[in-house]
Amino acid sequence: MSAFHILAQIINVLANLLTILVFIWAILSWFMPPYHPVREALDLIVEPMLAPIRRVVPMLGPLDISPIIFMILVQIIAQFLISILPY
C-alpha cells in the first residue's frame, strides 16, 4: 500500500468524522439545552467552522442551513484532495 493511498484514506476518514460531528451537533441542538456540557463542548468545536458560512449564507427564516453547506463542502474538498493525489 502506497503512502498516497494511506493519505487518501486519512483524508476520507477525517472528512467523514467532521461530517458526523456536525450532524450530531445539529441533531442535539434540537433536543439538548444549550447549557448542557456535551452541547457546550460540541459548540466549541463546531461553531468556529460554521461561522464563516453563516457570514455569507443568510438563515432561511428559523432554519440554519450552514451545517448542510459545511458537510457538503467538506465532502467536496475531501474528494478533490483525494483526486489530485498521484497513484
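Quick caveat, the model's predicted, so the values are computed rather than measured. (Residues numbered from 1 in each chain as written. Predicted model: local features only at pLDDT ≥ 70, side-chain atom pairs only at ≥ 80, totals over all residues. Heavy atoms only, no water.)

## Observations regarding helix H1 (residues 3-31)
Going by this rule: Put simply, DSSP marks the helices as runs of H or I at least four residues long and the strands as runs of E at least two long, and each gets a number from the N terminus on. Expected helix span is computed as 1.5 Å times (number of residues minus one). Any residue under 20% of the maximum accessible area for its type is buried, any over 50% is exposed, and the rest in between are partly exposed; the area is computed with a 1.4 Å probe on protein chains only. Contact definition: two residues touch when any of their heavy atoms are within 4.5 Å.
Taking 1.5 Å of rise per residue, the 29 residues of H1 would be expected to cover 42 Å, and the 42 Å separating its terminal C-alpha atoms lies within 8% of that figure. Along H1, the positions that sit buried rather than exposed are Ala8, Ile11, Ala15, Thr19, Val22, Trp25 and Ala26. Where H1 is buried, its residues touch helix H2 (37-56) and helix H3 (66-83).

## Let's talk about the environment of alanine 26
Relative to the helices and strands, alanine 26 is located in helix H1. Its relative accessible area of 18% is what places alanine 26 among the buried residues. For the pair alanine 26 and aspartate 64, spaced 38 residues apart in sequence, the C-alpha to C-alpha distance is 9.6 Å.

## Quick look at the side chain of threonine 19
Along the chain, threonine 19 turns up in helix H1. Those residues in contact with threonine 19 that sit more than four places away from it in its chain are Met71, Val74 and Gln75.

## Topic: the nonpolar core
Here is the rule: Residues grouped as a nonpolar core are buried Ala, Val, Leu, Ile, Met, Phe, Trp, Tyr and Cys residues, joined through side-chain atoms within 4.5 Å.
Ranked by internal contacts, the top residues of the largest apolar core, which has 16 residues, are Ile11, Val22, Trp25, Val46, Leu50 and Phe70. Elements with a minimum of two residues in this core: H1, H2 and H3. Of the residues forming this core, the biggest block, 6 residues, is contributed by H1. Ignoring sequence-local partners within four residues, the contact set of leucine 50 consists of Trp25, Ser66, Pro67 and Phe70.

## Description of the packing of H1 against H2
The axes of two packed helices give the description: the angle between them and the distance between them. We count it as follows: Interaxial angles span 0 to 180 degrees and are taken between N-to-C directions of axes, which are lines fitted to C-alpha atoms, for helices over the stretch in contact. For classification purposes, angles smaller than 35 degrees are called roughly parallel, those larger than 145 roughly antiparallel, those between 65 and 115 roughly perpendicular, and all remaining angles oblique. Two helices crossing with the near one rotated counterclockwise from the far one by less than a right angle form a left-handed crossing, whereas a clockwise rotation gives a right-handed crossing. Under the scheme applied here, ten amino acids are nonpolar (Ala, Val, Leu, Ile, Met, Phe, Trp, Tyr, Cys and Pro), four are charged (Asp, Glu, Lys and Arg), and all others, including Gly, are polar.
Interaxial distance between H1 and H2 falls to 10 Å at its minimum, and their mutual angle equals 110°. When the axis of H1 is compared with that of H2, the two are roughly perpendicular. For H1 against H2, the interelement crossing comes out left-handed. For the pair H1 and H2, contact is made by Leu18, Leu21, Val22, Ile24, Trp25, Leu28 and Ser29 and by Val38, Arg39, Leu42, Asp43, Ile45, Val46, Glu47, Met49, Leu50 and Arg54, respectively. Class assignment of the residues belonging to the contact of H1 with H2 gives a composition of 12 nonpolar, 1 polar and 4 charged.

Limitation: the analysis is restricted to geometry and does not speak to function.
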